[in-house]
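Listed below are the residues making up each chain.
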Amino acid sequence: MTNRRFRGWAASIAVLALMVGACSSGSSQSTKKAGAKAHEGVSVNVLTFTGPQIAEPLQRRAPEFQRLTGAKIKVVTVPFSDLYDKILTDMATRTNSYDAFVFDPQWMGDFVPPGYLEDIGSRVQGDQALKWDDIAPFFRDFSASYQGHTYTIPLDGDVEMVYYRSDLLKKDGIQPPATWDDYLSIAQRYNGKDLNGDGKGDYGSCIAKKRSAQSYWMFLAIAGSFLQTQGTSQGSFFDSATMKPLVNNPGFAAALDVYKRTTQYGPPGELNLDVGDTRGLFTSGRCALSMDWGDIGTLAIDPKTSTVQDKVGTVVLPGSRRVLDRGTGQLVDCNATTCPRAVDGVNHAPFAAFGGWSGAINASAKKDVKDAAFDFLAYMSAPGQSNVDVTLGKTGFNPYRVSQFENIDAWVKAGMSEAMAKNYLGAIRDSFQSPNMILDLRVPKSADYEGVVLDTGLAQFLAGELNTQQTMQQIESGWEKITNDQGRDKQKQSYAASLSVQR
Amino acid sequence: MDAGRLTRGRPVATRGVLEARTTRAGSALGPNFAVRTAFIWPALLVILFVSIFPLFASLYISLSRLELARGGFTFHFIGVENFRELLFGGERTHFLGVSRPLTALGWVVLVAGLALLCWGLARAWRGGVSLVGMAFRLVGAFIGAAGLWLLTHTLLSHGGRPGTVVVTLVYVAVGIAAQFLLGLGLAHLLTQGLPGQRFFRVVFLLPMMITPVGVAYMFRMLTDTSKGPLEPLWAAVGLTDFSWVTSPWGARVAVMIGDIWQWTPFMFIVLLAALESQDLETVEAAMVDGANRWQTFRHVTLPAILPVCTTVILIRLIEAFKIIDLPNVLTNGGPGTATESLSLHAYVRWRTLDLGQSAAVAYSLLFIVTLVAVAYVSLLRRRFAEE
C-alpha cells in the first residue's frame, strides 16, 4: 500500500468514526430529551405466595409499573408453606435468583441478622410519594422495622377479628360475641340451621384448621385473651424473664378446649379447610360465625361471589372472664388487678397475627435492580394504589394507612354500606388501639416455633391423636428445644426487643 | 430348575476369565496399569461425585444443625443428636408412633410372626448355614422382630397410634399388594381375547400418565362430600356430613386408593408384556392334560412370569417408600400426622430449613428401604435356589 493510499483510507475511517460518534451521541441526547424511563431494561424477580390473594395486586399492577418506569416485574409464587424456606434457601445459598420478596415480616428475625435484607431506611425517607407517615405507627415500627432499622414496606394490615351474620343476630336479638363462651353458644344456636335459604343445614362456625397452612394463627387468636392481660409489652408466647413457653398452663388448656369445641359446630371437613375455603363458605352464607383477618369484610361486598352483602358484622376478637395468673399458674377471675385492661369484665387481647404482608429487597441484588424493586414496592404501597387495593377482596390486602381508615367514601364506593364500613373499620381500629393487643412472635426461628411445632401439635390435638395435656407438653418441649438450640439468652433478647416496639 | 444351575454356573466361568486376565496384566504391570487407571478413573470420579459424595454429604448434614451466618450459612456438628431426637426424644411419637398394650388380634399376629421368624432361623440352622450366615440371619431376625413389635403395638393395640415409619410401611404393603393383584387381573383379562383390548390397554395406562399432584387434587375433590363432583352420590347415601379426610383411617385409605389408582397401570403393563410373551405351547399342553383355567394359571402361567413379577414388585417397593405427593396435597399429612409418610416427615422439617433433622429422617428411610429390599431379594434368591 502506498503512503498516499494509506492516508486516504485513514482519513475516510476517521470521517466515518466521527459521523458514527455524532450519530450515537445525538441519539442518546434525543432519548434523554424524550424522558428516558427510570428503570428501562431492568428486570425484577419478586417472590411471594401463590395467589389469588397477595399475588393478584402485584401481578395486576406490574404492567402498569412497567409502562411508567420501564422496569419489568416478574412475580413468582409458591405455596405459603414453602415460602419461608424458598426465600431463605435462595439467600443463604447465595443463589439470589429473587430480587425482592413479599412475605411475613415475622421472618425478619431470621433474615435480618445474617444481612440478607437491604436496609431501606434512607430510601423510605427520600420517597415523598410513598407517604410513609400515613402508614399507621404499628406497621412502621413492627412490620417494617427490626431493631431500629427499616427493612420492609408494608402492603397489608393484619389483625384477627370475628365476623358474624348481622342479619341473623339482629333478627334474633342476639349481641355479637364478647367472650369465647358467647361465640360457642351462638355457633351452637345456628349450627345445622339453613342460613342461606337453600334448604340445607349450614354451620355455626367456620374456622380454618388445615395443617401446614395459616390455621395456627386462629388458635393463637383464641389463646391470647387467656394468656395476656397486662398490656402489649407483657407478651403471650413466653415469660420474657425466663423464656419459658406459655403453652403448658390452664389458660392454654382452656383455649384448646374452645378451639376443639368450635369444630363441633363447623363443616364436616373443617380440619382440612384453609382460610380460602372458610372465606368462601362464609361469603356464600353457609356460616353464622368465622374468624379471619380483614379479608372477609371486603370479600363479602363482592357481588360476584358473595350472597351476604350488607349482612356481615365485625367485632374485635372475643375475650375471656377468666385468665392465667402467671404467678400461681392458675386460671383466675378477671378483676382490676388480674385484668387491668378488661372491658366490662372481659379481657380482650386483639391479635395482630402475621403483621401484614410486607415487601423487602434482597441485599445481594444489583443496585439498579434494588432501585427498581424499591420503586415497585413503594408504588404498590403509595396511597394512590393501596387505598384502592385494600377495598378489593381479591387482593388480600387489608387497611394499614391512616387515610384508609379515615376515608369512608372509598369503602362506600367499593360497595360497602356506610354502616358496614364504619363497623368494619371500627373493629380494625379498635383492635390496633387496644392497649392489650398481642404482637405476633418475631424471634429467630418463629416459623419453626409456630409453623411446625405449634401447627403439628394443634393438628394432632384436633385429630384426637393427643389429649390436652399431651398437646401442651409436646408443644412446650418442642419450643424449649428450639430455644435451647438457638441459645436462650439470644432468644430472650430478641423476644424482649420485639415486645418493646412503639405503637 | 435348569435355569438356576445355569445362572449359578456363569459366575464361575466369568471369574476364571477375570483371574486369567489379572494374571496376564500382573505380568506386564507398567503400561497396562497406567492405561487401566486412565480409563477407569474418569468413570470412577463421576460415580464418586454423583452418587457417593451426596451420600456422605447428607450423612454429615444429618449429624449437624444448620445455622444462618452472615451472608450464608454454616453446619454445626452435633453428633447423633438428630437421630436421638427421632428415636428417643420429642420426635419419637411422630416418627415411631405411640405403642400401647396389644389387643387379642395383636397378640395372635405378634406370636405368629415371631414363630415364623424362629421357624426360619431353625430351618436355616438345620440346613447347614455357615456361622457368618447364621449371624446375619440373627441380626435380620432381630430387626424383623423389632419391626413386628412396632407394627403390632401401634396398629393392633388399645389406643396406639402409628408414626410415620409404620404409616409408610402400611402404604407400601397395602399399595403394592393391591397394585399387583389388580395389575395382574387386568393384564390377564386383556390376554383373554375380549373385544376392545386395544382401547382398554390405553385406558388402563392413563392414570400413570397423570402428574401425582393432579391425581392428589382429583382425589381431594372426589373425597369432598359437600361440594365435590361425587356430592350427589354422597348425598344419596347420606354421607354429606362425613369427611374422609378428617378420620385418620379414612384419610389413609383415601391416600392408598389414589396411590393404587395411579400405579396399578405400571404393574399392569409390565405383567401384560410378561403374559403375552409366555410360551403358549406349555399352556396348551396343560389344557390338553386336563388342567382347568385356575390350575393352568397357578402351575404354568404364574411360574413362567414369576421372575418378572418379583422384579416389578421390587421396583415398585423401592419407589413406594418415597410416597410424598399424595398425602401432601390430599391432606397435608393430616388429620394430625395420620397420613404423613417418611418423605413428607423429612419435607416438613426441611420446610423450616431444619436440614439436620430432615436428613436424619431421610437416612432412616434409606436404611429401612435397603433393609426391606435386601430381605426381599434374599428371600427370592433362596426360593429360586430351592426351585
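Being a predicted model, the structure only gives us computed values, none of them experimental.

Residue and element names in this part refer to chain A. For chain A, the assigned domains read domain 1 (43–154 + 358–395) and domain 2 (161–240 + 247–352 + 430–442). Between domain 1 and domain 2, the C-alpha centre-to-centre distance is 30 Å. Listed by partner, the interface residues are eleven residues for domain 1 and 13 residues for domain 2. Of all the secondary structure elements, the ones that give two or more residues to the side of domain 1 that touches domain 2 are α3 (80–92), α4 (108–111) and α6 (137–143).

Let us now look at the confidence of the model for chain B. The predicted structure's coordinates, where accompanied by low pLDDT, should not be read in detail. All names here are of chain B. Considering every residue of chain B, the mean pLDDT works out to 86; 91% of them sit at 70 or more. Taking the mean pLDDT of every element in chain B, the minimum, 43, falls on helix α1 (residues 2–27) and the maximum, 96, on helix α7 (residues 164–189). Across residues 1–27 the pLDDT falls below 50, and counting only partners more than four positions away or on other chains, this stretch makes five contacts in the model. Scoring the predicted complex yields pTM 0.83 and, for the interface, ipTM 0.76.

As a further point, take the interface of chain A and chain B. Frequently, the measure chosen for interface size is the accessible area that the parts lose on association. Every contact between the two is made by 34 residues of chain A and, on the other side, 32 residues of chain B. Take the side of chain A that touches chain B: its biggest share by element is eight residues, from helix α18 (residues 446–462) of chain A. For the side of chain A that touches chain B, a count of residues per class yields 13 nonpolar, eleven polar and ten charged.

Residues and elements named next belong to chain A. Close contact between helix α8 (residues 180–190) and helix α10 (residues 250–264) brings their axes to 10 Å; oriented N to C, the two are set at 10°. Taken together, the axes of α8 and α10 lie roughly parallel to each other. Between α8 and α10 lies a crossing whose hand is left-handed. Along its contact with α8, which presents W180, L184 and A187, the element α10 presents V258, R261 and T262. Among the residues forming the contact of α8 with α10, the class breakdown is four nonpolar, one polar and one charged.

Below, the discussion takes up the domain arrangement of chain B. All names here are of chain B. Split into domains, chain B comes out as domain 1 (1–56), domain 2 (97–155) and domain 3 (163–386). A separation of 26 Å is found between the C-alpha centroids of domain 2 and domain 3. Domain 2 puts seven residues into the contact, and the matching count from domain 3 is five residues. Of all the elements, helix α6 (residues 131–155) adds the most residues to the side of domain 2 that touches domain 3, at six residues. Residue composition of the side of domain 2 that touches domain 3, by class: four nonpolar, three polar and no charged.

Parameters and conventions
Residues numbered from 1 in each chain as written. Chains lettered and ligands numbered in written order. Predicted model: local features only at pLDDT ≥ 70, side-chain atom pairs only at ≥ 80, totals over all residues. Domains from an automatic or database assignment. Contact = placed C-beta atoms within 7 Å. Helix = DSSP H or I, 4+ residues; strand = E, 2+ residues; numbered from the N terminus. pLDDT = per-residue confidence, 0-100. Nonpolar A, V, L, I, M, F, W, Y, C, P; charged D, E, K, R; others polar. Axes fitted to C-alpha atoms, helices over the stretch in contact; angles between N-to-C directions. Parallel < 35°, antiparallel > 145°, perpendicular 65-115°, else oblique. Left-handed = near helix turned anticlockwise from the far one by under 90°.

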